[in-house]
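# Coordinate analysis (summary)
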Amino acid sequence: MSRSPSIVPQGADHDVYLVLNDFGRLGRAWCEADEEGTHREAVIRQLFEDHYSHPVRIVAFNTAEGWSRDVTTDIADEVRRRFSEYEEVPHSVQEFLESAVRR
């Protein structure tokens, strides 16, 4: 019996960050990203570049270490700290920060 190929890329011993985006009437979907676009810094940069129209959740996982968690508020806190570095902050990021509040 043949084994299914692994969906885990070779050398995947790093944290992967994925963004859940709300596309309105079309629903929500995890945004497609190339491997280099799944690092923490890349996701934060993409938020400021208005890459996502309405980000609602960000998750991180590491298959080599066997963990996953919701990092939405952690990323929102980091984005808030970097606010002053940017002249303009996209509306999508402002909405994301309003909804991603620590409780």
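Scroll up to find the structure.
The rules behind each value
Residues numbered from 1 in each chain as written. Predicted model: local features only at pLDDT ≥ 70, side-chain atom pairs only at ≥ 80, totals over all residues. Heavy atoms only, no water. Helix = DSSP H or I, 4+ residues; strand = E, 2+ residues; numbered from the N terminus. Buried < 20%, exposed > 50% of the residue type's maximum accessible area, 1.4 Å probe, protein only. Contact = heavy atoms within 4.5 Å. Pairing = 2+ DSSP bridges. Axes fitted to C-alpha atoms, helices over the stretch in contact; angles between N-to-C directions.

## Some words on the overall build of the chain
If you tally the helices and strands in the chain, you get three helices and four strands. Secondary structure elements of the chain, listed N to C terminal, follow the sequence β-β-α-β-β-α-α. In the chain, which comprises 103 residues, the share counted as buried stands at 38%. In the chain, the share of contacts with a sequence separation of at least 24, taken over all contacts with a separation of at least 6, comes to 60%.

## Side note on the pairing of strand S1 (residues 16–22)
Among the seven residues that make up S1, five are buried, leaving the element largely enclosed by the rest of the structure. Relative to strand S3 (residues 55–62), S1 is paired through six bridges, and the arrangement is antiparallel. What sits directly across from Val-19, in S3, is Ile-58. Between S1 and strand S2 (residues 28–30), which pair antiparallel and follow one another directly, the connecting turn spans five residues, one of which, Gly-24, has a positive phi of 70 degrees.

## Section: the sheet that holds strand S4 (residues 67–70)
What the four strands build is an open sheet, ordered S2-S1-S3-S4; its pairing is antiparallel. The open sheet is flanked by S2 and S4, the only strands paired with a single partner. Along the sheet, successive strands turn relative to each other by an average axial angle of 20 degrees, direction set aside.

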